[in-house]
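Each chain is listed here by its residues.
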Amino acid sequence: MFDKKLQAKIIIDALPYFKQFNNQVIVIKYGGSILEVEDVNDALFQDIVLLSYLGVKIVLIHGGGPEISRWQKILNIETKFIEGLRVTDSKTMEITEMILSGKVNKNIVAKIQGYGGRAVGICGKDGGTIVAKKKSEQYGFVGEIVDINPSLLTALVNSNYVPVMSPIAYDEDGSSLNINADFVAGKIAISLKAKRLLYLTDVPGILLNKDDPSSVISKIKTTQIDSLIEEGILSKGMIPKTLSAKEAIEAGVEAVHIIDGREPHSLLLEVLTPEGVGTMIVSENYDK
């Protein structure tokens, strides 16, 4: 039987969080590993639209690695990684830009708008938002960020649009570069003075034991990150997330969350409930 009182209580319990995040920027990094899980995506886009209606200014940064790999296989182009970064020759760069800034980006925009939101698809090139340089020759057209100009993003969120950004930038010669989306999200959060940064990924959070999904660490301090890397608790794709989190928090972002994007409505549960559903990373003197 439908419980009206329970529903009202749930909304009232979330009221402090509505107030806390109203008119604040939240940057979300949406991992490519969960892009094709349809029911999860629908729940996420519903969450984004709801938060937007509540006055939260959301910026969505997305990846798309599995889709790029799929097209490399179709076109008989070798997929190669070094230290977790995709080696990107000129052909791979062309595919990457078409997939990320084209197909994936516009599909996300359409989904958000399908639920009543207002979204604009961009990449780091647009408005000169991200200027980068090549990381090194061994990675090819993989870049690292030199500068962020948040003017376009600021204009969009202040006009109640959700910017949906692919992590494609350009260098001083105008060449396209592929940037790790975790680092992009961190730098964007810093440039926008975001209140929170969330990484939606395909694990429940930071795990004390990588083989035990129930061993989620609910909260860690930035001062613990280096030792967790040394101990091997943080490895592979979790390293750029946590290092970006550390940099973002040291630059003024209140907290960073790593949550399981495969769980429907995990975004709302993390932002609007006291318990949360993943790992929250905070500064040493965080006391909320």
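Residues numbered from 1 in each chain as written. Predicted model: local features only at pLDDT ≥ 70, side-chain atom pairs only at ≥ 80, totals over all residues. Heavy atoms only, no water.

As recorded in an unreviewed UniProt entry, the protein goes by Acetylglutamate kinase and comes from Thermodesulfobium narugense DSM 14796. Word for word, the UniProt comment on the protein under Subcellular location (unreviewed entry) is "Cytoplasm". In its Pathway (unreviewed entry) section, the UniProt entry covering the protein states "Amino-acid biosynthesis; L-arginine biosynthesis; N(2)-acetyl-L-ornithine from L-glutamate: step 2/4." (UniProt positions renumbered as here; feature names shortened; annotations may be inferred.)

Asker: Talk me through the packing of helix α7 (residues 181-191) against helix α9 (residues 238-250); I want residue IDs and the actual numbers.
Answerer: Running from amino to carboxyl end, α7 crosses α9 at an angle of 10°, the nearest separation of the two axes being 9 Å. The pairing of α7 with α9 is recorded here as roughly parallel in orientation. The segment α7 lies against α9, with Asp182, Phe183, Gly186, Lys187 and Ile190 engaging Pro240, Lys241, Ser244, Glu247 and Ala248. Considering only residue class, the contact of α7 with α9 consists of 4 nonpolar, 2 polar and 4 charged. (Axes fitted to C-alpha atoms, helices over the stretch in contact; angles between N-to-C directions. Helix = DSSP H or I, 4+ residues; strand = E, 2+ residues; numbered from the N terminus. Parallel < 35°, antiparallel > 145°, perpendicular 65-115°, else oblique. Contact = heavy atoms within 4.5 Å. Nonpolar A, V, L, I, M, F, W, Y, C, P; charged D, E, K, R; others polar.)

Asker: Break down helix α6 (residues 151-158) for me, citing the residues and quoting the values.
Answerer: Of all the residues in α6, the buried ones are Leu153, Leu156 and Val157. Taken down its axis, α6 places every buried residue within 90° of arc, on the same side. The elements touched by buried residues of α6 are β2 (57-62), β5 (119-123), β8 (162-166) and α7. Phi turns positive one or two residues past the end of α6, at Asn160, with a value near 65°. (Buried < 20%, exposed > 50% of the residue type's maximum accessible area, 1.4 Å probe, protein only. Arc of directions from axis to C-beta.)

Asker: I'd like a description of the pattern of salt bridges, backed by residues and values.
Answerer: Applying the stated criterion across every chain yields a total of 14 salt bridges. Lys103 is the partner of Glu67 in a salt bridge, and the nearest nitrogen-oxygen pair spans 2.5 Å. A residue pair is termed long-range when its members are at least 10 positions apart, and Glu67 in helix α4 (residues 65-74) and Lys103 in helix α5 (residues 90-114) qualify at 36 residues. The class for Lys103 is partly exposed, based on a relative accessible area of 38%. Of the charged contacts in the structure, one is a salt bridge between Lys241 and Asp182, with a shortest N-O distance of 3.2 Å. Note that Lys241 is positioned in helix α9 and Asp182 in helix α7, a separation of 59 residues in sequence. For Lys241, a relative accessible area of 8% translates into the label buried. What makes Asp182 buried here is its relative accessible area of 4%. (Salt bridge = Lys/Arg side-chain N within 4 Å of Asp/Glu carboxyl O.)

Asker: So, the sheet that holds strand β12 (residues 219-221): which residues are in play, and what are the values?
Answerer: Spatially, the 8 strands line up as an open sheet ordered β5-β8-β2-β1-β11-β13-β14-β12, and their pairing is mixed. Of all strands in the sheet, those bounded by a partner on one side alone are β5 and β12. Neighbour-to-neighbour, the strand axes of this sheet turn through a mean angle of 20°, independent of strand direction. Of the pairings in the sheet, the one linking β12 to strand β14 (residues 279-282) comprises 3 bridges and is parallel in character. Note that in β14 the partner of Ile220 across the bridge is Ile281. Packed onto the sheet, α6 meets β2, β5 and β8 and runs at close to 130° relative to β2. (Pairing = 2+ DSSP bridges.)

Asker: Describe the packing of α4 against α5, and please don't skip the residues or the numbers.
Answerer: As a packed pair, α4 and α5 sit with axes 10 Å apart at the nearest point and diverge in direction by 130°. Overall, the two elements α4 and α5 adopt an arrangement that is oblique. Considering the relative orientation of α4 and α5, their crossing is right-handed. Two secondary-structure elements touch here, α4 through Glu67, Ile68, Arg70, Trp71 and Gln72 and α5 through Thr92, Ile95, Thr96, Ile99, Leu100, Lys103 and Val104. (Left-handed = near helix turned anticlockwise from the far one by under 90°.)

Asker: Break down α4 for me, with residues and values.
Answerer: When we look at burial in α4, the residues that qualify are Glu67, Ile68 and Gln72. All buried residues of α4 lie within an arc of 140° about the axis, which places them on one face of the element. The elements touched by buried residues of α4 are β4 (85-86) and α5. Immediately beyond the C-terminal end of α4, within one or two residues, lies Asn76, with a positive phi of roughly 60°.

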